[in-house]
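Take a look at the letters that make up each chain.
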Amino acid sequence: MKNFKGIFPALLTPFDGNGKINDEELIRLVEYNIEKGVDGFYAGGSTAEAFLLSFEERKQILKTIAEAANGRCTLIAQTGCIGTDLTIELARCCESLGYDAVSSVPPFYYKFTFDEIKSYYFDLAKAVDIPVIIYNIPAFSGVSFTAGNICEFLNDERFLGVKFTSNDFYSLERIRRTHPDKILYNGYDEMMLAGLSMGADGGIGSTYNFMAEKFIKLLELFNSGNMSEARMLQAHINDIIEALIKTGVMQGEKYVLDRLGFNMGPCRRPYAELSEEQKDYIDKNVIPLL
Ligand code: MN9
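Residues numbered from 1 in each chain as written. Predicted model: local features only at pLDDT ≥ 70, side-chain atom pairs only at ≥ 80, totals over all residues. Heavy atoms only, no water.

**Quick word on the layout of surface pockets**
Remark: the empty space left among the atoms is shown by a probe the size of a water molecule rolled over them.
Then step 1. Within this model, the largest pocket holds a volume of roughly 710 Å³.
Then step 2. Taken together, 32 residues make up the lining of the largest pocket; nearest its centre are S46, T47, I137, F140 and M250.
Then step 3. When residues of the lining of the largest pocket are traced back to their parent elements, those giving at least two are α5 (138–141), β8 (202–205), α10 (227–247) and α11 (249–259).
Then step 4. Residue composition of the lining of the largest pocket, grouped by class: 17 nonpolar, 11 polar and four charged.
Then step 5. Considered as a void within the structure, the second largest pocket measures approximately 150 Å³ in volume.
Then step 6. Considering the residues around the second largest pocket, the lining is formed by Q251, K254, Y255, D258, G265, P266, C267, A272, E273, L274 and K279.
Then step 7. For the lining of the second largest pocket, the leading source of residues is α11, giving four residues.
Then step 8. Classifying every residue of the lining of the second largest pocket gives five nonpolar, two polar and four charged. (1 Å grid on protein atoms, 1.4 Å probe; cavity = no way out; pocket = protein on both sides within 12 Å on 5 of 7 lines; lining within 4 Å. Points joined across faces, edges and corners; volume = space filled by probe spheres on them. Helix = DSSP H or I, 4+ residues; strand = E, 2+ residues; numbered from the N terminus. Nonpolar A, V, L, I, M, F, W, Y, C, P; charged D, E, K, R; others polar.)

Structure below.
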């Protein structure tokens, strides 16, 4: 099995001048991050604007990323949809594209019971031969899993781990305690050090798209017990993230990459485009810190 620990950028989706997916730039973004030494990618997640893409477009980015990475790192595909059948169709497609694992947000919008959500995940796990990673992101999905809920999945060997985008680090630690061999990813980049100290094996994050090297370094510092330097690096990272939160995280990330020579385009409507003032703010508060 591939290495699932470490630093996994949650890839953004570049769009061209007509609002279509820009495959060429997506390939460049994959290459740029492989050269920095990332351990793998999380494809088709929140950061990819998955829920603003059509089903065909979701397949398109997943295919482009798999072909660009070409077996050089570990690939996780986020295939979650509201309905089980569509999720399974996308997951089977990813399995044939060579993805190492699939991941899914819980089915959202309708208030499904935990039993219904559980059957969604087990139906997904039964439908593919690659492992499943639970995507816990209560702030976006509206579904709050307890540590006990998550353990009900992890007790089954088909579930490899959790992408834990929550600041409930007590739950993260309890899951780690009972499941030492599962893979736990920290989800909020601005709290990476907290996640690591409570048992995460690494992280999946959107800001890694343009500063993966800082997170690779943070993980090294943590693993070698150099906590004071790790704290200083997290503080530096958070100066950047605080500025991005002010302009809109994904819009800001795309603009930062544009300033680094990419052509990412804006986020899809209804996301607003950045104003000149917001771009100027990033120019002054983010770019000099890179
Ligand atoms: O992939 C991302 N989560 C969301 C994880 O976008 C909801 C994070 O990387 C955040 O964008 C980041 C800024 O809050 O931590």
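That was the structure; now back to the text.
**Focus: the sheet that holds β8**
Then step 1. Taken in spatial order, the eight strands line up as β1-β8-β7-β6-β5-β4-β3-β2 in an open sheet, and their pairing is parallel. Lying at the two open borders of the sheet, with one neighbouring strand each, are β1 (6–9) and β2 (40–43). Each strand of the sheet is rotated relative to its neighbour by a mean of 25°, with strand direction disregarded.
Then step 2. Note that β1 and β8 share four bridges and pair parallel. Residue pairing for β8: F8 is matched across the bridge by I204.
Then step 3. Sitting on the sheet, helix α6 (residues 147–154) is in contact with β5 (132–136) and β6 (159–164), with an inclination near 150° to β6. (Pairing = 2+ DSSP bridges. Axes fitted to C-alpha atoms, helices over the stretch in contact; angles between N-to-C directions. Contact = heavy atoms within 4.5 Å.)

**With respect to the state of the cysteines**
Then step 1. Evaluated as defined, the whole model comprises zero disulfides.
Then step 2. Of all cysteine sulfurs in the structure, the one in C94 sits closest to C73, which takes part in no disulfide; the separation is 14 Å.
Then step 3. The buried category is assigned to C73, whose relative accessible area is 7%. (Disulfide = S-S within 2.5 Å. Buried < 20%, exposed > 50% of the residue type's maximum accessible area, 1.4 Å probe, protein only.)

**Examining the packing of α11 against helix α12 (residues 276–285)**
Then step 1. α12 packs onto α11 with a crossing angle of 65° between their chain directions and a minimal axis gap of 11 Å. Regarding α11 and α12, the two cross each other, and that crossing is right-handed. Taken together, the residues of α12 that come into contact with α11 (itself represented by G252, Y255, V256 and R259) are K279, I282 and D283.
Then step 2. Along the lines of polarity and charge, the residues of the contact of α11 with α12 split into three nonpolar, one polar and three charged. (Left-handed = near helix turned anticlockwise from the far one by under 90°.)

**Some remarks on the packing of aromatic side chains**
Then step 1. One pass over the full model with this rule turns up 16 aromatic pairs.
Then step 2. Here the aromatic cluster, defined as three or more aromatic residues joined through ring pairs, consists of F114, Y120, Y121, F122, F145, F153 and F159.
Then step 3. When the ring centre of F262 is taken as reference, the NZ or CZ atom of R28 above it lies at 4.7 Å.
Then step 4. Taking NZ or CZ as reference, K163 lies 5.4 Å from the ring centre of Y42, over its face. (Phe/Tyr/Trp six-rings, centres within 6.5 Å; stacked < 30°, edge-to-face > 60°. Lys NZ or Arg CZ within 6 Å of the ring centre and 35° of its normal.)

**Focus on the pairing of β5**
Then step 1. Burial analysis of β5 places five of its five residues in the buried class, which makes it a mostly covered element.
Then step 2. Here β5 shows a buried face lined by V132, I134 and N136 and a second buried face lined by I133 and Y135.
Then step 3. As judged from the three bridges shared by strand β4 (residues 101–104) and β5, these two strands associate in the parallel manner. Following the sheet pairing, S103 is matched in β5 by I133.
Then step 4. On the question of chirality, the crossover connecting β4 to the parallel β5 by way of helix α4 (residues 114–127) is right-handed. (Right-handed = clockwise from strand over helix to strand, strands pointing away.)

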